[in-house]
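Breakdown of the fold
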Amino acid sequence: MRNRPELRSATLLAQALGEIDAQTGALVPPLHTATTFARDTDYKPMGGRVYARDEMPSLEPPERLLARLEGAERALLFSSGIAAATAVFQALAPGDHVAVPRVMYYALKNWLHGFARPWGLEIGEFDGTDLATLEAVLRPGKTKIVWIETPANPTWAVTDIAAAASLAHRAGAQLGVDSTCATPIHTRPIEFGADIVMHAATKYLNGHSDVLGGALALARMDALAERIKYVRYAGGAILGPFEGWLLLRGMRTLALRVERASATALAIAERFAGDRRVLSVLYPGLPGDPGHAVARKQMQGGFGGMLSIRVGGGETAAARVTAQVEVFKRATSLGGVESLIEHRRLVEGPSSATPADLLRLSVGIEDPADLIADLDIALG
Ligand SMILES: Cc1ncc(COP(=O)(O)O)c(C=O)c1O
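The following paragraphs examine the structure supplied in this document. (Residues numbered from 1 in each chain as written. Predicted model: local features only at pLDDT ≥ 70, side-chain atom pairs only at ≥ 80, totals over all residues. Heavy atoms only, no water.)

Turning to the site of the ligand, a few remarks are in order. The immediate surroundings of the ligand are formed by 15 residues, with Gly-81, Ile-82, Asp-178, Thr-202 and Lys-203 found nearest. In the environment of the ligand, a nitrogen atom lies 2.7 Å from a nitrogen or oxygen atom belonging to the side chain of Asp-178. A distance of 2.9 Å is found between an oxygen atom of the ligand and a side-chain nitrogen or oxygen belonging to Lys-203. Protein contacts shield 91% of the accessible area of the ligand, which totals 390 Å² for the unbound molecule. Counting only elements with at least two residues in the shell around the ligand, the list comes to helix H3 (81–90) and strand E6 (196–200). Along the lines of polarity and charge, the residues of the shell around the ligand split into 6 nonpolar, 6 polar and 3 charged. (Near = heavy atom within 4 Å. Polar contact = N/O pair within 3.5 Å; in protein donor to acceptor, adjacent residues only side chain to side chain. Areas by Shrake-Rupley, 256 points an atom, 1.4 Å probe, with all protein chains shown as cover. Helix = DSSP H or I, 4+ residues; strand = E, 2+ residues; numbered from the N terminus. Nonpolar A, V, L, I, M, F, W, Y, C, P; charged D, E, K, R; others polar.)

Next up on the list: the side chain of Arg-360. Considering the arrangement of structural elements, one finds Arg-360 in strand E12 (residues 358–362). In terms of polar contacts, Arg-360 uses its side chain to reach the side chain of Asn-153, at 2.5 Å.

The subject of this paragraph is the pairing of strand E9 (residues 306–310). Remark: a regular strand shows side chains that alternate across the two faces of the sheet. The element E9 is extensively covered by neighbouring structure, given that 4 of its 5 residues are classed as buried. Strand direction decides the pairing type here: strand E8 (residues 280–282) and E9, joined by 3 bridges, are antiparallel. If you follow Ser-280 over to E9, its bridge partner there is Arg-310. Where E9 lies against E12, 5 bridges are found, and the strand directions are antiparallel. Each bridged residue has a counterpart across the sheet, and for Ile-309 the counterpart in E12 is Leu-359. (Buried < 20%, exposed > 50% of the residue type's maximum accessible area, 1.4 Å probe, protein only. Pairing = 2+ DSSP bridges.)

The 5 strands lie next to each other as E8-E9-E12-E11-E10, forming an open sheet whose pairing is mixed. The open sheet has two edge strands, E8 and strand E10 (329–330), and neither has a second partner.

This paragraph deals with the packing of aromatic side chains. In the structure shown here, the tally under the stated rule is 5 aromatic pairs. Each ring, one from Phe-89 and one from Trp-147, has its centre 5.2 Å from the other, and the planes form 55°; the classification is tilted. In this pair, Phe-89 sits in helix H3 while Trp-147 sits in strand E4 (residues 143–149), placing the two residues 58 residues apart along the sequence. With centroids separated by 5.5 Å and ring planes inclined at 75°, the aromatic side chains of Tyr-105 and Tyr-106 adopt a geometry described as edge-to-face. Linked through ring pairs, Phe-89, Trp-111, Phe-115 and Trp-147 together constitute an aromatic cluster. Lying across the ring of Tyr-233, Arg-53 places its NZ or CZ 4.7 Å from the centre. The side chain of Arg-271 reaches across the aromatic face of Phe-272, ending 4.6 Å from its centre. (Phe/Tyr/Trp six-rings, centres within 6.5 Å; stacked < 30°, edge-to-face > 60°. Lys NZ or Arg CZ within 6 Å of the ring centre and 35° of its normal.)

Leu-13, Leu-65, Leu-205, Leu-247, Met-251 and Leu-254 are the most contacted members of the largest nonpolar core, which has 36 residues in total. Mapped by element, the contributors of at least two residues to this core are helix H1 (9–14), helix H2 (60–70), strand E1 (74–78), strand E7 (214–218), helix H9 (241–251) and helix H10 (254–272). Here the element with the most residues in this core is H2; it accounts for 4 residues. The contact partners of Leu-205, leaving out residues within four places of it in the chain, are Leu-66, Pro-184, His-199, Leu-247, Gly-250, Met-251, Leu-254 and Arg-257. Core analysis: the second largest hydrophobic core is formed by 31 residues, Ala-87, Leu-92, Trp-111 and Leu-112 among them. (Core = buried A, V, L, I, M, F, W, Y, C linked by side-chain atoms within 4.5 Å. Contact = heavy atoms within 4.5 Å.)

The subject of this paragraph is the pattern of salt bridges. Two side chains of opposite charge can pair, provided their charged atoms sit close to one another. Enumeration according to the criterion identifies 22 salt bridges in this entry. Between Arg-360 and Glu-342 there is a salt bridge, with the nearest N and O atoms lying 2.9 Å from each other. Here Glu-342 lies in strand E11 (residues 340–343) and Arg-360 lies in strand E12, a separation of 18 residues in the sequence. With a relative accessible area of 4%, Arg-360 lands in the buried category. Here Glu-342 falls in the buried class, since its relative accessible area comes to 4%. (Salt bridge = Lys/Arg side-chain N within 4 Å of Asp/Glu carboxyl O.)

Position of His-199 relative to the elements: it lies in strand E6. Take His-199: its relative accessible area is 1%, and that puts it in the buried class. In this view, His-199 contacts Leu-66, Glu-70, Gly-81, Ser-179, Thr-180, Thr-183, Pro-184, Leu-205, Gly-213, Gly-214 and Ala-215; residues no more than four positions away in its chain are not counted.

Within H3, 8 of the 10 residues are buried, which leaves it mostly tucked inside the rest of the structure. Residues of H3 that are buried include every one of Gly-81, Ala-83, Ala-84, Ala-85, Thr-86, Ala-87, Val-88 and Phe-89, and no others.

Here is the structure:
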């Protein structure tokens, strides 16, 4: 018999690994809402599970699927993206050092400075586009995590995952990658040496703006990974069963949604780059973008559905554009089937370093012509 080729991501996703419920033959897994599980007369757990804060059956199919997509030993689902990301840092000890990029998802940065630092973590910052600055902040033996986000919110700066992994490993640290915007369709960070891959499952993985969730894909279940799993159990930041069930349903269409959003984002970026009404378009898919070469190396099949447009003329001009759109919805978040526009600096608050004229676009799966016409009219 001929050997079958390894199944590709789109097939694994559409069929949710092809798993069939052993009890009923169902192609869709059942939704288990139980929080506790029985023991036999010898007091052994009858189904191998004890309590839902650690082991929730309805989270296992999406966790298995994500682990397979990312090439990880194990994936864990959390109650939000921020719960997943913070679990990584909570698994460390006071006095440990971490290196994080200057441009990253603002709420995680605020948590690191507002909570983790007072708690005892030491934090060094580097420029994700210039890894000499990472080398300068690393403290061999003391740095435990190097964190990167690529492409990074909200400028879509690209960090070289393989180079960051090799610097982190040389210093004895693990590399964590917020891969929310790249998605497993475009980038598999573990292939480039990452140890931990984080997703705000709220975004592309679920894709329908109706589940708040987070995920970590762990390359190996080593001591740090076990500690992270313990943090989820001890802190209780696990995803609910219905959210896990909905997430798996959303993930079945991930490949199609991401391919469409990325193709449309590229079309929008190409249409408005060089337009005299626009100061600049930030998108790693544009050949002139500073991150393009690295993006080409580590992203396949597209450059993601996120881009930003700097309109020039400060906050007033940006506000004028957001007031004029009709197809794009004025809302925060990203990765859903509907396109969103937001004035990022207002959302990030007073500590924001984001330019006042920057509009962040999350491109959905609508007809590209409608989105382009909407922006064209709004730009005036
Ligand atoms: C890149 C990135 N990482 C993490 C998060 C946090 O995810 P959540 O809102 O599910 O906590 C977000 C949310 O916007 C994000 O955009």
